[in-house]
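The primary structure of each chain is shown beneath.
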Amino acid sequence: MTRTTTGIRRKAAGSVVLLVSLPLAACSGAGAEDVLARARATGSLRVALTQANPPWNFLDDAAQPAGYDVDVAKDLAKRLGIPRVDFVGGIQADRFDIVVSAQTITSKREQQVDFSRPYAVNDVAVFVRAGTTGIAGPKDLAGKRIAVSEGTTEAEFARASIPGADLRTYKNAMLGLTDLSQGRADAALVSRFQGGYLAAKKALPVRAAIPVLHQEVLGMSFRKKSPRFKDAVNTAITAMLADGTLSAISRRWFGGTDMAAAVRGLPTAQTTRPPAERSS
């Protein structure tokens, strides 16, 4: 059984790699509470997601949560022995146990929260207007008008790594891709999965000129000092990777992409940061 928390304002479709501020008090209380015990006792796993990042997570036509993160969260709850998932719309919501919302694992975020082992890999792509030529690599972005969603790792990457970039910041990826399609930007940095989904859904004349600019590793986050909960979540994710569950869910939402294979193929930890954060 699943339920969506009511009273949450809908958001427009946004970037899948939103920079998330997770004050410790927001996560199921900031004390020494055993999150796993609480969830099992109440029969509810409270899962926060943006509900605005298709195909990772969004509200469907019936205003119900849908997408990769939603299916993963439901399976996670079953493996944790928790019968119900209560989805909390908006990662700034007051109380939740875990965020399952395509979060990029970064050093900055790890100062505030703990992350699970990776459960997905996101390809950040460069989209251009159909028919555009001359953008085939990162160096071709220098000095260009670049559309990014505010508060995202794509925006941070553009500021740090694209010389002379004229950043055009938008509330969400849909607005940025729309302006790109109308010639008001030269390129857009957005998840390959999200950009492709939105372009097809809205019939936008854009394409991924650079399908993989760089990769970002995604994890589930929760408050620090929750070792029992973290171990249980990691055990569940490992089982999903091993038994084909993550493969099946990702193929459904990402056009046949096997996310489990991508996660298993990750390099060592020091190379899984966004390029702007790598020390080398």
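Relevant structure appears above.
Reading the values: the criteria
- Position labels on residues start from 1 in each chain and follow its written sequence.
- With pLDDT at 70 or above as the cut-off, local features in this predicted model cover only qualifying residues; side-chain atom pairs require 80 or more to be listed or tallied, and sums for whole chains, interfaces and linings still use all residues.
- With hydrogens and water stripped out, all remaining heavy atoms of the structure feed into the side-chain values.
- Here's how the labels work: a residue is buried when its accessible area is under 20% of the maximum for its type, exposed when over 50%, partly exposed in between, all with a 1.4 Å probe on protein chains only.
- Secondary structure counts use DSSP, requiring at least four H or I residues in a row for a helix and at least two E residues in a row for a strand, with both numbered from the N terminus.
- Strands qualify as paired when DSSP identifies two bridges or more between them.
- Axis lines are fitted to C-alpha atoms, over the contacting stretch for helices. Their N-to-C directions set the angle, which ranges from 0 to 180 degrees.
- Each angle gets one of four labels, with under 35 degrees taken as roughly parallel, over 145 as roughly antiparallel, 65 to 115 as roughly perpendicular, and the rest as oblique.
- Each helix crossing is assigned a hand: it is left-handed if the near helix lies turned anticlockwise from the far helix by less than a right angle, otherwise right-handed if that turn is clockwise.
- Only heavy atoms matter for contacts: two residues are in contact if any of them lie within 4.5 Å across the pair.
- Basically, the charged four are Asp, Glu, Lys and Arg, the nonpolar ten are Ala, Val, Leu, Ile, Met, Phe, Trp, Tyr, Cys and Pro, and anything else, Gly included, counts as polar.

Student: Explain the pairing of strand S7 (residues 98–104) here, please?
Tutor: Both faces of the sheet carry side chains from a regular strand, because those side chains alternate between them. For S7, a buried count of 7 out of 7 residues is recorded, marking the element as mostly surrounded by other parts of the structure. Pairing of S7 with strand S13 (residues 206–222) involves 3 bridges; the strand directions are antiparallel. Residue pairing for S13: Gln103 is matched across the bridge by Gly219.

Student: In this structure, what is going on with the packing of helix H2 (residues 68–79) against helix H7 (residues 227–243)? I would like to understand it.
Tutor: Packed helix pairs are specified by the crossing angle of their axes together with the interaxial distance, meaning the distance between the axes. Contact pair H2 / H7: the axes reach a minimum separation of 10 Å and the direction vectors enclose 115°. Classified by the interaxial angle, the pair formed by H2 and H7 is roughly perpendicular. In the crossing of H2 with H7, the sense of the turn from one axis to the other is right-handed. Residue-level inspection shows Val72, Asp75, Leu76 and Arg79 of H2 in contact with H7, the latter providing Val233, Ala236, Ala239, Met240 and Asp243. Tallied by class, the residues present in the contact of H2 with H7 amount to 6 nonpolar, no polar and 3 charged.

Student: How do you make sense of unusual backbone geometry when you look at a structure like this?
Tutor: When glycine is set aside, most residues are seen to have a negative phi, and most peptide bonds are trans. For the bond from Pro54 to Pro55, the omega torsion is 0°, close enough to zero to count as cis. Secondary-structure assignment places Pro55 in the loop between strand S3 (52–53) and strand S4 (57–59). One non-glycine residue with positive phi stands out, namely Ala63, at about 60°. Mapped onto the secondary structure, Ala63 falls in the loop between S4 and strand S5 (65–66). Given a relative accessible area of 30%, Ala63 falls into the partly exposed group.

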